[in-house]
There are 2 protein chains.
Amino acid sequence: MAVTRDDVARLAGVSPATVSYVINDGPRPVSEETRAKVLQAIKQLGYQPNVTAQNLRRQRTNTVGLVFTTIERHLTHPYFVDLLTSIGEECARHGFDLLLSPCTDRSLEQTIYERMVGGRRVAGVIVTGIRHDDARIAYLSAEEFPFVVLGRPEHNEDFPYIDVDGARGVDEAMQHLIDLGWRRIAFIGLSAELICADDRLAGYRKALERNGLPYDPRLVANMHTTEAAGHQIMTRFLALDEPPDAVLACSDELALGAMNAAQERGLVVGRDIGVIGFDDIPSAAYCRPPLTTIRQPMYEIGIRLCRMLIQIIEGKEPEEKQIVLPPTLVVRESCGAHWRQGSV
Amino acid sequence: MAVTRDDVARLAGVSPATVSYVINDGPRPVSEETRAKVLQAIKQLGYQPNVTAQNLRRQRTNTVGLVFTTIERHLTHPYFVDLLTSIGEECARHGFDLLLSPCTDRSLEQTIYERMVGGRRVAGVIVTGIRHDDARIAYLSAEEFPFVVLGRPEHNEDFPYIDVDGARGVDEAMQHLIDLGWRRIAFIGLSAELICADDRLAGYRKALERNGLPYDPRLVANMHTTEAAGHQIMTRFLALDEPPDAVLACSDELALGAMNAAQERGLVVGRDIGVIGFDDIPSAAYCRPPLTTIRQPMYEIGIRLCRMLIQIIEGKEPEEKQIVLPPTLVVRESCGAHWRQGSV
DNA sequence: TGATATAATCTACACGTGTAGACAACTCGT
DNA sequence: ACGAGTTGTCTACACGTGTAGATTATATCA
């Protein structure tokens, strides 16, 4: 069917081994004359090495695995696309492929990983959305399989990761809101099972405490990150006896939904209520009013995660193993910066 | 290193072939007693078949390839995530893997395909963003390699595809705008190289013609689909001597950007200017005002595309080969339905 | 009972590649 | 002129699996 190395060898009048030496540029030398003959034959036949056979022989796959979790048919983060793009690009740069597997149900997760890892389908995996006592980490550690994690561990486990300092991001954003004069600030957090949900909540509490503001559990919620969820919880917040005068949401989607709910009730965002999001997705800059948000450098994170993993796969010690990046507060209008400039 | 079939055979006291027969449930019968012994050994050793070796032996990979194009680090459509999810899920349902490859530069595209296809890295590919005289289609056809296309061909080539009837969607949306009383309607189209750009433009012209409205080339543009581009072109439109009183954009991102530009100039969307988008991405429902848009059932499209491809890979004639789905007009507020109800 | 069909298992090889070991031709220093 | 080293090439096998052909034990029927 497809043309193989032996076909090339026959046409070029050399042995199959010589063809391999030409293709891989080693490990044995090949005379210029022979090389030219082989290259000519390869071109003439349109030969492409069979990647599966190469992988079997080399005992590695040059493939990076990524399992992404979808909740009710929706991906948890739109910035995931940035991550995917950067990981894919960095893979390509190193001659790696990217194998993607969606996970619609937590109960299937273990099976997916076992197939990828145990079946040696991939050479290493990238784990995202790390949870408390995450079974995936335990499994990969036990198998001594190469992996890197987007997000920090809870305790001080010693595996390679990159994370954004969520506590710091939230703290800075909270301070910004407080400096603008907002006092009763609600917090829309992420799913409680996620470790980063705790991290960000800690930033929220720290900022409240430092400014002598009370922590009111009625103003705090954990949600899946969709616009619908943001809308729903904000509607509930606004119906409280003492509704919040500002809200910090842990994703831009949540913030967009929350903003929408406030606007439905006739509130002017930025004047009557302050809103800050998290992630800086593209639409954050183009909604009305433009959304103040905490930016995560997802593109860069993807690149570095992937580079780290490939170094581990290739047996090198990664240059950097545990990285925590600072997020950036991007001030637009939803926080009220334009209405309240210098009002404090 | 990893445990292999021979290890299992040794432990169970049977031949390697018998282990294979148990795993694949055939093609030879195995006695219940032996099967039990083998399964026990598999469990005890935690054996997972080596997928690479299986693929080599079976001469197929059970992997679907998808190349996605990014423009300046941004993916062209956020609904792409829906597509990805559904394709991934359908793949998993059939025991297929999904191999993803980003393409940042058109010049690399051919190389990526050659590696995937010629190297037999995947069993079939899904092609998106089909262009005029698309070299990818020519290549895949010449190689007689399994593929399906998201989007229709220009002429009547006979390959399997699924598409949304863009002309019809745009036509209906235009009629809706015209019925609401808008008369000078601008059109923000997609990149001219895309076949679907023509299709949608045809719908625009058809609606104008049927309603006796003139076609003004100054009100028509082709853009990459980002909020920034929508903002930019709308700003230009509004600076014309005779600015448009409504705009139909070929993606929600373009529409969001256009809406933002109009709002910057103090226009009230829905009252002073009508806006309609395309795709129905999640934020369309949660921006202000909520965006009227032409919905594409991307999730369903992904499922059917993938199912079609797998049938072709497995040598079956696909049940349905060329499908054109109707889009749905989702009326919200940006088109002015609430302000102008019954005003004609 | 003996011939024959059937069930269960094993031995052996192929899939396409990478590379170690064997081998031939040639160079070089003495 | 001759061993030692170097360079270029080839032969042969292994990677882990699926399965055809051979082999053996068991059931069936005249």
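Everything numeric here is computed off the predicted structure, so don't read it as measured data. (Residues numbered from 1 in each chain as written. Chains lettered and ligands numbered in written order. Predicted model: local features only at pLDDT ≥ 70, side-chain atom pairs only at ≥ 80, totals over all residues. Heavy atoms only, no water.)

All names here are of chain B. In the contact formed by helix α8 (residues 166-179) and helix α9 (residues 195-210), the axes pass within 7 Å of each other and the chain directions differ by 35°. Pair α8 / α9 crosses with right-handed handedness. In contact with Gly166, Ala167, Val170, Asp171, Met174, Gln175 and Ile178 of α8, α9 contributes Asp199, Arg200, Gly203, Tyr204, Lys206, Ala207, Leu208 and Arg210. (Axes fitted to C-alpha atoms, helices over the stretch in contact; angles between N-to-C directions. Helix = DSSP H or I, 4+ residues; strand = E, 2+ residues; numbered from the N terminus. Left-handed = near helix turned anticlockwise from the far one by under 90°. Contact = heavy atoms within 4.5 Å.)

Another aspect to go through is the protein's contact with DNA strand C. Contacts to DNA strand C come from 28 residues, most closely from Arg28, Tyr47 and Arg57 of chain A together with Thr18 and Thr34 of chain B. Protein-proximal atoms of DNA strand C, defined as those within 4 Å of the protein, fall in sugar or phosphate at a share of 50%. Separating a phosphate oxygen of DNA strand C from a side-chain N or O atom of Thr18 of chain B is a distance of 2.6 Å. Within the side chain of Arg28 of chain B, a nitrogen or oxygen atom sits 2.7 Å from a base oxygen of DNA strand C. If you list the elements that add at least two residues to the surface near DNA strand C, you get α2 (16-24) and α4 (51-58) of chain A together with α2 (16-24) and α4 (51-58) of chain B. Partitioning the surface near DNA strand C into residue classes produces 12 nonpolar, 10 polar and six charged. (Near = heavy atom within 4 Å. Polar contact = N/O pair within 3.5 Å; in protein donor to acceptor, adjacent residues only side chain to side chain. Nonpolar A, V, L, I, M, F, W, Y, C, P; charged D, E, K, R; others polar.)

Okay, unusual backbone geometry next. Put simply, Arg288 of chain A and Pro289 of chain A share a cis peptide bond, and its omega is -15°. A positive phi angle, near 55°, is found at Arg120 of chain B, a position not held by glycine. You can call Arg120 of chain B partly exposed: its relative accessible area is 27%. (Buried < 20%, exposed > 50% of the residue type's maximum accessible area, 1.4 Å probe, protein only.)

This part is about the pairing of strand β7 (residues 185-189) of chain A. All names here are of chain A. Of all five residues that make up β7, five are buried, and the element is covered over most of its length. Neither face of β7 is left uncovered, since the one carrying Ile185, Phe187 and Gly189 and the one carrying Ala186 and Ile188 both have all their residues buried. Summarising the sheet, β7 and strand β9 (residues 246-249) pair through four bridges and their orientation is parallel. Counted as the bridge partner of Ile188 is Ala249 from β9. The pairing of β7 with strand β8 (residues 220-222) spans three bridges and is parallel. By the bridge assignment for β8, Phe187 is matched with Val220. In this view, the connection linking β7 to its parallel neighbour β8 by way of helix α9 (residues 195-210) has right-handed handedness. (Pairing = 2+ DSSP bridges. Right-handed = clockwise from strand over helix to strand, strands pointing away.)

All right, on to the packing of aromatic side chains then. The description of an aromatic ring pair uses the distance of the two centres, along with the angle that the planes make with each other. Residue and element names in this part refer to chain A. Under the definition given, this model contains 10 aromatic pairs over all chains. Ring geometry for Phe159 versus Tyr161: centroids 6.3 Å apart, planes at 75°, classification edge-to-face. A single burial state applies to Phe159 and to Tyr161, both of which are buried. Through pairs of rings, three or more aromatic residues link up here, namely Phe147, Phe159 and Tyr161. (Phe/Tyr/Trp six-rings, centres within 6.5 Å; stacked < 30°, edge-to-face > 60°.)

Attention shifts here to the protein's contact with DNA strand D. Contacts to DNA strand D come from 29 residues, most closely from Thr18 and Thr34 of chain A together with Arg28, Tyr47 and Arg57 of chain B. A share of 52% of the atoms of DNA strand D within 4 Å of the protein falls on sugar and phosphate groups. One of the side-chain nitrogen or oxygen atoms of Tyr21 of chain A is found 3.3 Å away from a base nitrogen of DNA strand D. Within the contact set of DNA strand D, a phosphate oxygen lies 2.9 Å away from a backbone nitrogen or oxygen of Ser31 of chain A. The set of elements that each furnish at least two residues to the surface near DNA strand D consists of α2 and α4 of chain A together with α2 and α4 of chain B. Classifying every residue of the surface near DNA strand D gives 12 nonpolar, 11 polar and six charged.

Looking now at the pattern of salt bridges. Under the criterion given, the structure shown has 56 salt bridges over all chains. Across the salt bridge formed by Glu90 of chain A and Arg93 of chain A, the nearest N and O atoms sit 2.4 Å from each other. Of the two residues, Glu90 of chain A and Arg93 of chain A both sit in helix α5 (residues 80-93), three residues apart, roughly one turn of that helix. Taking relative accessible area as the criterion, Glu90 of chain A reaches 2% and is therefore assigned buried. On the basis of relative accessible area, Arg93 of chain A is assigned to the exposed category, the value being 52%. As a salt-bridge pair, Arg115 of chain B and Asp97 of chain A come within 3.5 Å of each other at their nearest N and O atoms. Of the two residues, Arg115 of chain B sits in helix α6 (residues 106-118) while Asp97 of chain A sits in strand β3 (residues 97-103), which places them in two different chains. (Salt bridge = Lys/Arg side-chain N within 4 Å of Asp/Glu carboxyl O.)

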